[in-house]
2 protein chains.
Amino acid sequence: MRPRASEVFFLTRNVNKFEEASAILGGFGINVLMMPEERLEIQSDDLCEISKFSSLRASRAHGVPLIAEDAGLFVDSLGGFPGPYSSYAFRTIGVRGLLKLLDGVSERGAEFRSAVSFCAPGADPLCFLGSVRGEISKEARGSNGFGFDPIFVPEGGGGRTFAEMTTEEKNKYSHRAKALEKFARWFKEEWAPPSKCR
Amino acid sequence: MRPRASEVFFLTRNVNKFEEASAILGGFGINVLMMPEERLEIQSDDLCEISKFSSLRASRAHGVPLIAEDAGLFVDSLGGFPGPYSSYAFRTIGVRGLLKLLDGVSERGAEFRSAVSFCAPGADPLCFLGSVRGEISKEARGSNGFGFDPIFVPEGGGGRTFAEMTTEEKNKYSHRAKALEKFARWFKEEWAPPSKCR
């Protein structure tokens, strides 16, 4: 199942993430194929380390070039928490818990980060980072998106949370869109299988 | 560097944990050798999965039988948070953050859990779980131990936190001691290298 030069697998079980990637990479003429497998994630403070490990392992297992993505919300005044473990924090303490941790805290700066890693058979993984600065709102607003979207107000977004934007609007600011675009540019301009594979 | 039948490596960079294990396993006639390497940890809600992966990987890399341990504090009213990511939560939001999440919450039940996994070359890893029930105190007390010890009051400990106990006292209640004892009993009674190795 070797993809053509303009095709890449995306290791994800999240259909929303897959559709977001399809839309963005499609704009660069790259066709994305979904590989809906469990992604093995290591524990690390560095999103790139996590997504590189996932992409390396899956690429070796399946013998195809693919991308894996890892994302997190890093709150300045909480030492970066919940960071790489945002998904676990969301499932346990949730939006309410994060708001409680920031109760009475005036410094509300935060950053959403996304790390997209690409790995091809025989090559080392490469990581592309995207981020968006913003603030944690005082209360949850909006119902679009997922995770901590209802309390993240991106800079330049007119004070709205990610959950108050349509997917199209969110893609203008989103950390994931930025990381995917960086990857897409590199993939179109630099990557040429199989001559660059070792 | 193949250890004798009554010897086992312990994959840890934490000298306190190593000494705790030496004391407990020594009581069973088992000699512990320190393997002070970075432990590769996966992300999982299951401590056994995490420590099994660590022990398997290190045992395969070094060709020796060894144990790896993973531990966490699971708070009932927070859906188990911080659980497998207790170390990260401690480094970021800290004791103060955990107390803030429980501010005004009357249900303060919690559990410390430890998963000790043993793996020998050619065999599958085996996991031994230990746990201790208790409560999260209203404020931090004591200066012994580490991590969330100053806010964990184990059942049967006379209302003192782990950080108000000596290491010897703590070992009477500790999740890690219980898991290490389970492992030690199995290791002495069941494990006989190399006949049981596949």
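Treat the numbers as computed from the prediction; the structure is a model and nothing was measured.

About the cut-offs
Throughout this document, residue positions are counted from 1 along each chain, in the order its sequence is written. Going through the entries in the order they are written, you letter the chains from A and number the ligands from 1. It should be noted that, the model being predicted, local features are given only for residues of pLDDT at least 70 and side-chain atom pairs only at 80 or more, the latter also being counted only at that level, while totals for whole chains, interfaces and linings use all residues. Strands are runs of DSSP state E lasting at least 2 residues, helices are runs of H or I lasting at least 4, and numbering of each runs from the N terminus. Around each residue's C-beta, the other C-beta atoms within 10 Å are counted; 20 or more make the residue buried, 12 or fewer make it exposed, and counts in between make it partly exposed. All C-beta atoms are placed from the backbone. Contacts are defined on C-beta atoms placed from the backbone: any two residues whose C-beta positions lie within 7 Å are in contact. At least two bridges found by DSSP between two strands are what make those strands a pair. Expected helix span is computed as 1.5 Å times (number of residues minus one). Least-squares fitting of one copy onto the other uses the C-alpha atoms of those residues that reach a pLDDT of at least 70 in both copies. Polar here means any residue other than Ala, Val, Leu, Ile, Met, Phe, Trp, Tyr, Cys and Pro, which are nonpolar, and Asp, Glu, Lys and Arg, which are charged; Gly is therefore polar. As a rule, the C-alpha atoms of each element are fitted with a line to give its axis, helices using only the stretch in contact, and angles between N-to-C directions run from 0 to 180 degrees. Angles are sorted into four bins: roughly parallel if under 35 degrees, roughly antiparallel if over 145, roughly perpendicular if 65 to 115, and oblique for all others. Each crossing is labelled by how the near helix is turned from the far one, with a counterclockwise turn of less than a right angle marking it left-handed and a clockwise turn marking it right-handed. In these notes, a nonpolar core means any group of buried Ala, Val, Leu, Ile, Met, Phe, Trp, Tyr and Cys residues linked to one another through C-beta atoms within 7 Å.

A tally of regular secondary structure across chain A gives six helices and seven strands. The order of α-helices and β-strands along chain A, N terminus first, is β-α-β-α-β-β-α-α-β-β-β-α-α. With respect to the principal axes defined by its C-alpha atoms, chain A has extents near 55 × 30 × 25 Å. For chain A, with 198 residues in total, the buried portion stands at 46%. Expressed as a percentage of contacts within chain A between residues at least 6 apart in sequence, the contacts between residues at least 24 apart total 61%.

Our focus in this paragraph is the environment of A:Gly142. Residue and element names in this part refer to chain A. Counting through the fold element by element, Gly 142 comes out in the loop between strand 6 (126–136) and strand 7 (152–154). With 16 C-beta atoms packed within 10 Å, Gly 142 lands in the partly exposed category. In sequence terms Gly 142 and Ser 59 are 83 residues apart; their C-alpha atoms lie 37 Å from each other.

To continue, consider the pairing of strand 5 (residues 109–119) of chain B. Residue and element names in this part refer to chain B. In terms of burial, strand 5 is largely enclosed, as nine of its 11 residues are buried. Summarising the sheet, strand 3 (residues 66–75) and strand 5 pair through 10 bridges and their orientation is antiparallel. Across the sheet, the residue bridging to Asp 70 is Ala 115, located in strand 5. With 10 bridges joining them, strand 5 and strand 6 (residues 126–136) adopt antiparallel strand pairing. The partner of Ser 117 across the bridge, within strand 6, is Cys 127. Linking two consecutive strands that pair antiparallel, namely strand 5 and strand 6, is a turn of six residues; a positive phi of about 85° is found at Gly 122 within it.

What follows is about unusual backbone geometry. One can expect most non-glycine residues to show negative phi and most peptide bonds to be in trans. Residue A:Pro82 is bonded to the preceding A:Phe81 through a cis peptide linkage, with omega at -5°. Its location among the elements puts A:Pro82 in strand 4 (residues 82–83).

For the rest of this paragraph, the subject is helix 6 (residues 175–189) of chain B. Residues and elements named next belong to chain B. The terminal C-alpha atoms of helix 6 lie 22 Å apart, and with 15 residues this matches the ideal 21 Å at 1.5 Å per residue to within 8%. All of the buried residues in helix 6 are His 175, Arg 176, Ala 177, Lys 178, Ala 179, Leu 180, Phe 183, Ala 184 and Phe 187. Those residues of helix 6 hidden inside the fold are in contact with strand 1 (7–11), helix 1 (15–26), strand 3, strand 5, strand 6 and helix 5 (167–173).

With that out of the way, let us pick up the relation of the copies chain A and chain B. Laying chain A over chain B is done by rotating through 180° and shifting 0.0 Å along the axis; what remains is an RMSD of 0.0 Å. Those values place the two copies in the arrangement expected of a two-fold rotation axis. It is A:Ile42 whose C-alpha, among those of chain A, lies nearest the rotation axis, at 1.9 Å. Comparing interface residues between copies, 100% of those in chain A also sit at the interface in chain B, which points to an isologous, same-surface contact.

Right, let's get into the interface of chain A and chain B. Facing the 17 residues of chain A at the interface are 17 residues of chain B. Breaking the side of chain A that touches chain B down by element, the ones donating at least two residues are helix 3 (86–92) and helix 4 (94–101) of chain A. Broken down by element, the residue count for the side of chain A that touches chain B peaks at four residues, all from helix 3 of chain A. Here the residues of the side of chain A that touches chain B sort into nine nonpolar, five polar and three charged.

To continue, consider the packing of helix 1 (residues 15–26) of chain A against helix 6 (residues 175–189) of chain A. Residue and element names in this part refer to chain A. At a minimum axis distance of 10 Å, the contact between helix 1 and helix 6 shows a crossing angle of 45°. It follows that helix 1 is oblique to helix 6 by the angle criterion. By crossing handedness, the relation of helix 1 to helix 6 is classed as right-handed. On the side of helix 1, the interface is formed by Glu 20, Ala 21, Ile 24 and Leu 25, while helix 6 contributes Arg 176, Ala 177, Leu 180, Glu 181 and Ala 184. The class makeup of the residues in the contact of helix 1 with helix 6 is six nonpolar, no polar and three charged.

Another aspect to go through is the nonpolar core. Counting 61 residues, the largest nonpolar core has A:Leu66 and B:Leu66 as its most contacted members. Looking at this core, the element that brings in the most residues is helix 6 of chain B, giving six residues. The contacts of A:Leu66, once residues within four sequence positions are left out, are A:Val8, A:Phe9, A:Phe10, A:Leu11, A:Met35, A:Ser55, A:Ala58, A:Ser59 and A:Cys119. In this structure, A:Phe162, A:Met165, B:Phe152 and B:Met165 belong to the second largest nonpolar core, which totals 45 residues.

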